[in-house]
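Results of the structural survey
Now for the letters of each chain:
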Amino acid sequence: MIKMIKMNEEGEKETGILSSLVSALKKDLGPVLEEIEVQDVRIGLAYTGVLLSENYGGVACTPLNEFSCCPALGFSETLKGKTADKVLELALSENPLEAAVGVATVNALSHMLHDLEPENFQRSCSDILDLIKPGDRVAMIGYFGPLVPKILKITEKLTVLEKREIEAPQTRTLPSEKAREILPEADVIILSASTLANRTFDDLLAQKGEAREVVLLGPSAPLYPEPFFKRGITAVMGTRITIPETMLTIVSEAGGTKKLHKYCGEKVAFRKK
């Protein structure tokens, strides 16, 4: 049997997105990672937050829905005090909760890299609604409630793919297992960044068909766009944590996206040229 090797748009051998992110950060930050300590980790009901010794913070969606039993982590030692290079590796874990800690660390480190090399991180003023045209078939993976009525004012062809049962949805909502039927026909795909921690990102992106826009959206999105652009993502829209200590409090109190944006974060977008 001939084994097929998947290639990205540049013709390079493709690995999983989390492996690519970890490798890229290790390459860009180098030995510095061994000097940065994790000062705090909070695993809340909505988000998981990580605070680094350089006063950079990052979040990732807590994937509680992935567990059918107690999701407690079995580490013999605390994560606090470990170096960033070790905690970063958790992004590669098969355990979704460990992966969330790793993705939050990726986010915090991406904020640091943004400050160290601002010339490599050209922000965009684009909003998600700017990318949708009348008549577009839009597929939303993960339910972004506040966005739904706004999108429906532009196009009625919106389908939400969601694992959870949504109360009183305003549009067609299907189980996420229907992605293979919906995504290949979509003009615009809105992909929740929570798909990173629950390890569904790569499979979902492989089904994108000829979509004009594929947007990674949400506070879990690493502000490190190039590895995503190489895979066909056209925009990364995430959240930069501006007050890490406040972020820890919000995460601990089960705060969601609205509180993060109100008290300790700013929306940041990157657009593929």
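Everything that follows concerns the structure shown earlier in this document.
Cut-off values and rules
Residues numbered from 1 in each chain as written. Predicted model: local features only at pLDDT ≥ 70, side-chain atom pairs only at ≥ 80, totals over all residues. Heavy atoms only, no water. Axes fitted to C-alpha atoms, helices over the stretch in contact; angles between N-to-C directions. Helix = DSSP H or I, 4+ residues; strand = E, 2+ residues; numbered from the N terminus. Parallel < 35°, antiparallel > 145°, perpendicular 65-115°, else oblique. Left-handed = near helix turned anticlockwise from the far one by under 90°. Contact = heavy atoms within 4.5 Å. Salt bridge = Lys/Arg side-chain N within 4 Å of Asp/Glu carboxyl O. Buried < 20%, exposed > 50% of the residue type's maximum accessible area, 1.4 Å probe, protein only. Core = buried A, V, L, I, M, F, W, Y, C linked by side-chain atoms within 4.5 Å. Arc of directions from axis to C-beta. Phe/Tyr/Trp six-rings, centres within 6.5 Å; stacked < 30°, edge-to-face > 60°.

**Describing the packing of helix α1 (residues 17–29) against helix α3 (residues 96–116)**
Between α1 and α3, the shortest axis-to-axis distance is 11 Å and the interhelical angle comes to 40°. Considering the angle they form, α1 stands oblique to α3. Once α1 is placed against α3, the crossing between them reads as left-handed. Seen from α1, the contacting residues are Leu 18, Leu 21, Leu 25, Asp 28 and Leu 29; seen from α3, they are Val 103, Val 106, Leu 109, Ser 110, Met 112, Leu 113 and Leu 116.

**Remarks on the pattern of salt bridges**
For side chains of opposite charge, pairing can occur when their charged atoms come near one another. Tallied over the entire structure, the rule returns 11 salt bridges. Notably, a salt bridge pairs Asp 40 with Arg 42, separated by 2.9 Å at the nearest N-O pair. For Asp 40, a relative accessible area of 19% translates into the label buried. Among the salt bridges present, the one from Arg 123 reaches Glu 266, with a minimum N-O distance of 3.4 Å. In this pair, Arg 123 sits in the loop between α3 and β4 (138–141) while Glu 266 sits in strand β10 (residues 265–271), placing the two residues 143 residues apart along the sequence. Here Arg 123 falls in the partly exposed class, since its relative accessible area comes to 38%. Connected through shared salt-bridge partners, Arg 137, Glu 185 and Asp 187 make up one network.

**Points about the nonpolar core**
Grouped together as the largest cluster of nonpolar side chains are 59 residues, with contacts concentrated most on Leu 25, Leu 109, Leu 183, Phe 201, Leu 216, Phe 228 and Ile 233. If you tally residues by element for this core, the top one is α3, at 9 residues. In this view, Leu 25 contacts Gly 30, Leu 33, Leu 88, Val 106, Leu 109, Ser 110, Leu 113 and Tyr 224; residues no more than four positions away in its chain are not counted. One finds Leu 131, Met 140, Val 160 and Ala 269 within the second-largest nonpolar core, a separate group that totals 18 residues.

**A short note on helix α9 (residues 244–252)**
Turning to α9, its buried residues number three or more, namely Pro 244, Met 247, Leu 248, Ile 250 and Val 251. Down the axis, α9 shows its buried residues gathered within 165° of arc, on one side only. At its buried positions, α9 is contacted by β1 (38–43), β2 (47–52), β3 (57–61), β9 (235–241) and α10 (257–263). Looking at the residues trailing α9, positive phi occurs at Ala 254, about 60°.

**Brief notes about the packing of aromatic side chains**
Throughout the structure, instances matching the rule amount to 3 aromatic pairs. Plain terms: the ring middles of Phe 121 and Tyr 224 are 6.1 Å apart, the flat faces sit at 25° to each other, and that makes the pair stacked. On the criterion of sequence distance, the pair formed by Phe 121 in the loop between α3 and β4 and Tyr 224 in the loop between β8 (213–217) and α8 (226–229) is long-range, its members being 103 residues apart. Exposure remark for Phe 121: the relative accessible area of 6% places this residue in the buried category. In this structure Tyr 224 comes out as buried when scored by relative accessible area, which is 6%. Aromatic side chains Phe 201 and Phe 228 sit 5.7 Å apart centroid to centroid with 80° between the ring planes, which places their arrangement in the edge-to-face category. Of this pair, Phe 201 sits in helix α7 (residues 201–205) while Phe 228 is found in helix α8, placing the two residues 27 residues apart along the sequence. Across this residue pair, the class does not change: Phe 201 and Phe 228 are buried. What links up through ring pairs into an aromatic cluster is the set Phe 121, Tyr 224 and Phe 270.

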